[in-house]
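# Coordinates in review
One-letter residues, chain by chain:
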Amino acid sequence: MTDALRDKIRGFILENYLFTADTKALGMDDSLLGRGIVDSTGMLEIIFFIEEQLGVKVKDEEMIPDNLDSVNRIATFVEARRKAA
Amino acid sequence: MCGITGIHYSDAARMGDRGQLERMTHALDHRGPDGVGFHIEPGVALGHARLSIIDLGGGAQPIHNEDQTVWITYNGEVFNYIELRRMLVERGHRFYTESDTEVIVHLYEELGDRFVEELNGQFAFALWDRRRRRMVFARDRAGILPLYYARVPGGIAFGSEVKALIAGGLVKPELDPDGLDELMTFWAPLAPRTIFRGVEQLPPGHMAVLEGDRFESRPYWQWHFPESGAHRRGVVTDLQDELRGVLADATQIRLRADVPVGAYLSGGLDSSSLVALLKERVPDTLQTFSIGFDDPRLDESEHQRAVSKFLDTNHNHVQCTLSDIAQVFPRTIRHSEMPVLRTAPAPMQVLSRLVRQSNVKVVLTGEGADEVLGGYDIFKESKVRQFWARFPESKWRPALLKRLYPYLDLTSAQSAAYLQEFFGIGLANPDDPCFSHLPRWATTAQCKLFWSDDLRARTSGNPIERLRAALPAEMSRWHPFNRSEYVEARTLLPSYLLASQGDRMLMASSVEGRFPFLDHRLIGFANALHPSYKMHVLREKNLLKEAMRSRLPASITARHKQPYRAPDAAAFLGPHAPEYVNELMGRAAIARYGYFDPDKVGRLVAKLGRAKVPAARDNMAFVGILSTQLWHAQFVDGQTIN
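Everything numeric in this text was worked out from a predicted model, so none of it was measured.

Calculation rules
Residues numbered from 1 in each chain as written. Chains lettered and ligands numbered in written order. Predicted model: local features only at pLDDT ≥ 70, side-chain atom pairs only at ≥ 80, totals over all residues. Heavy atoms only, no water. Phe/Tyr/Trp six-rings, centres within 6.5 Å; stacked < 30°, edge-to-face > 60°. Helix = DSSP H or I, 4+ residues; strand = E, 2+ residues; numbered from the N terminus. Buried < 20%, exposed > 50% of the residue type's maximum accessible area, 1.4 Å probe, protein only. Lys NZ or Arg CZ within 6 Å of the ring centre and 35° of its normal. Axes fitted to C-alpha atoms, helices over the stretch in contact; angles between N-to-C directions. Parallel < 35°, antiparallel > 145°, perpendicular 65-115°, else oblique. Left-handed = near helix turned anticlockwise from the far one by under 90°. Contact = heavy atoms within 4.5 Å. Pairing = 2+ DSSP bridges. Core = buried A, V, L, I, M, F, W, Y, C linked by side-chain atoms within 4.5 Å. Buried area = accessible area lost by both parts, 1.4 Å probe. Salt bridge = Lys/Arg side-chain N within 4 Å of Asp/Glu carboxyl O. Polar contact = N/O pair within 3.5 Å; in protein donor to acceptor, adjacent residues only side chain to side chain. Nonpolar A, V, L, I, M, F, W, Y, C, P; charged D, E, K, R; others polar. pLDDT = per-residue confidence, 0-100.

A separate point is the packing of aromatic side chains. All names here are of chain B. Inspection of the entire model under this criterion finds 24 aromatic pairs over all chains. Ring plane angle 35° and centroid distance 4.7 Å describe the contact between Tyr149 and Phe215, whose orientation is recorded as tilted. Placement of the pair is Tyr149 in strand β8 (residues 148-152) and Phe215 in strand β12 (residues 214-219), with a sequence separation of 66 residues. Accessibility assignment for this pair places Tyr149 and Phe215 in one class, buried. Ring plane angle 55° and centroid distance 5.4 Å describe the contact between Phe379 and Phe481, whose orientation is recorded as tilted. Here the residue Phe379 occupies a position in helix α12 (residues 377-389), and Phe481 occupies one in helix α18 (residues 480-490), the gap between them amounting to 102 residues. We classify Phe379 as buried; its relative accessible area is 1%. The structure contains a cluster of three or more aromatic residues connected by ring pairs, namely Tyr74, Tyr108, Phe115, Phe123 and Phe125. In this structure, Arg85 is placed above the aromatic ring of Phe95, and the distance from its NZ or CZ to the ring centre is 4.3 Å.

Below, the structure written as structure tokens:
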């Protein structure tokens, strides 16, 4: 997993959900739902980001916390999908 | 309705300052543009700004009893005043006006402090008993009309709005951080707390007695539900007839006025039901009023037209644009006197203006039906979550959540797995009296992400814990549905819906609202029923729908409830953003007022500027921050922003 990918994902979440550039505000394994960072409507924006900025389409059945609930999970999911493509 | 003001001095010989009382009262001219009145005697000063509705020629206030030993300054209407007056005359009381106000004075003489229990209406007043040297305050059961007070040097001052206390130089406007904490949890501070430090409000259904320096308040009425298993059940058609009968009478007595009475018509079940009942009583002259939006997701004009045509009313409509909202928003905050998290009050001000321009002074509204008869999605949501909590591992039980919010685009596009995660909050403790409201409060509290460290350091305690500690112990024996209803009636209804979005927006245009669904006889009837009559499976307000089915278009009783919503951040962004928005949301003003983190607010504004569809919580945060800034600019800084 590349640090650049993880940093890009973390940067997006910091900017759009925590409204800060302080990287200490979000750990790579922090649960986005558990910490209240993303609510049920906010997930749609993350999916837009993954599709538009990271170039990976997210299928309905893939929209689950196992794939999307932390920076590391999103990065793992995106890399797996890129390899499979 | 009207505006009331006054001061009770600890020193019984002290004479009030007439100029100060006039300044306080004139600050409420919008509540009472038809005249002012004053009464000053040793120890007490009472002021009144009048909106004439009943006894146009003779009802000037303050009003007194036969020997002028009992005085009242009163805001509101007692709808059963005719019956009460008849009883009082039979008992030998002599009246010098035809007003409902004078009835209260004599009723107090007759019954003592029990008099409030006999009043059916909406009211807030201060009654001075010179013989016993005591002041009695009371506020109506549901909290339709406001009453604020503050301890001030030399006594206690009160007024229908806080601006009266400020105009009298009695209160230095300052934000109560715990008030903002409650507002950014429940949408408004909960009585007796307000957003102003040092200013309190009398809770709904309470009376207070002030003698010397001692001020004691107590409830004379509360929302109450039967214990589980003790609910009323009956033949459904009989209950429908009974509901229609109680509602018809609640509507009938609310037509008592010496000026024309109209009605708001939103196109939903509640206001349509009222208009149908009104039309049977005012067949030729009924005027209805509605508001529409350009955004088709928010607009209900089609349904409004359908009901108006079906019932043949004289209909008046106003289309509210984004720029209308931006334009009236500073005035909205001047009248609401607190920040808001949605712009929804602003169009209500545009609507009340239309009523006033149509020479109508009184409107009936459907507000309260959702609380009393089980209309809100939060009740359904809680029902599904309770059902799910019995088998938390179930996959199909939470799938019902997908049916709850069909009008929210984003939600319908979401994964069920995420809905489960979000609505699963508190699932482990379904007996928590606040269970139903935890997801909503968690979402609202996200606004606090933008707080400055300084503001955070100045708050004390947790608002939800404070509320939990104040809830009645018997709640644990109530049906979960009734618990949800109680929390809603205790929090959002009086503190926000009837205040920022109700009384204050009506009074901004000098219009009186009346609320038949909040007649306490109707509340008593509905609260006694088993919840299944109100919410049949997931069909909201079922009893009302069935009771009114033959009197309304089928399209209205078949509709899924659409909550009233208005455009939010979109009204304030883009090339046409008003100057005050750029100024108050700018880094300098955010830093100067000190409530929020300028860096985070800047990022929020930038995000909303590039968002295709703004997320609900971003909208809420933006409106909350902007309105807090407007509140500070206008109340603390004393600016007038137009």
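Still more ground to cover, so stick around.
All names here are of chain B. Interaxial distance between helix α10 (residues 345-357) and helix α20 (residues 499-507) falls to 9 Å at its minimum, and their mutual angle equals 30°. Judged by the inter-axis angle, α10 sits roughly parallel to α20. For the crossing formed where α10 meets α20, the hand is right-handed. Judged by residue contacts, Pro345, Met348, Gln349 and Ser352 of α10 engage Ser500, Gln501, Met505 and Leu506 from α20.

Another point: the pairing of strand β9 (residues 155-159) of chain B. All names here are of chain B. Of all five residues in β9, five are buried, a share of seventy percent or more. Two elements, strand β1 (residues 3-9) and β9, share five bridges in a ladder whose sense is antiparallel. The residue bridging His8 from the neighbouring strand is Ile156, located in β9. In this sheet, β9 lies alongside β8 in antiparallel orientation, the contact comprising five bridges. Looking across to β9, one finds that Tyr148 is bridged to Gly159.

Bringing the nonpolar core into the picture now. Counting 197 residues, the largest nonpolar core has Phe115, Phe125, Phe137, Phe329, Phe572, Tyr580 and Phe622 of chain B as its most contacted members. Counting residues in hydrophobic clusters, the runner-up holds 29 residues, among them Leu32, Ile50, Leu54 and Val78 of chain A.

A separate point is the interface of chain B and chain A. Between chain B and chain A, the residue contacts involve 24 residues of the former and 23 residues of the latter. Of all residues in chain B, Tyr418, Arg603 and Arg617 of chain B bury the most surface against chain A, accounting for 33% of the area lost on that side. For the pair chain B and chain A, the interface holds two salt bridges. A salt bridge links Arg603 of chain B to Glu15 of chain A; the shortest N-O distance between them is 2.4 Å. The interface formed by chain B and chain A contains seven residue pairs in polar contact (both at pLDDT 80 or more). Split into classes, the residues belonging to the side of chain B that touches chain A amount to 11 nonpolar, five polar and eight charged.

Confidence along chain B averages 93 in pLDDT terms, with 98% of residues attaining 70 or more. In the model, residues 408-413 of chain B has pLDDT below 50 throughout and makes 11 contacts with residues more than four positions away in sequence or in other chains.

Trans peptide bonds make up most of the peptide bonds, and negative phi angles are found at most residues other than glycine. Residue and element names in this part refer to chain B. Omega for the bond connecting Gln61 with Pro62 falls within 30 degrees of zero, at -5°, which places this linkage in the cis form. Cis rather than trans, the peptide bond between Ala191 and Pro192 has omega equal to 10°. Locating Pro192 in the fold gives a position in the loop between α5 (177-186) and β10 (200-201).

Residue and element names in this part refer to chain B. Strand order in the open sheet made by the six strands is β2-β3-β1-β9-β8-β10, with antiparallel pairing throughout. The sheet terminates laterally at β2 (36-41) and β10, the two strands that pair on one side only. Where β1 meets strand β3 (residues 44-49), six bridges bridge the pair, whose relative direction is antiparallel. Directly across from Thr5, in β3, lies its bridge partner Gly47.

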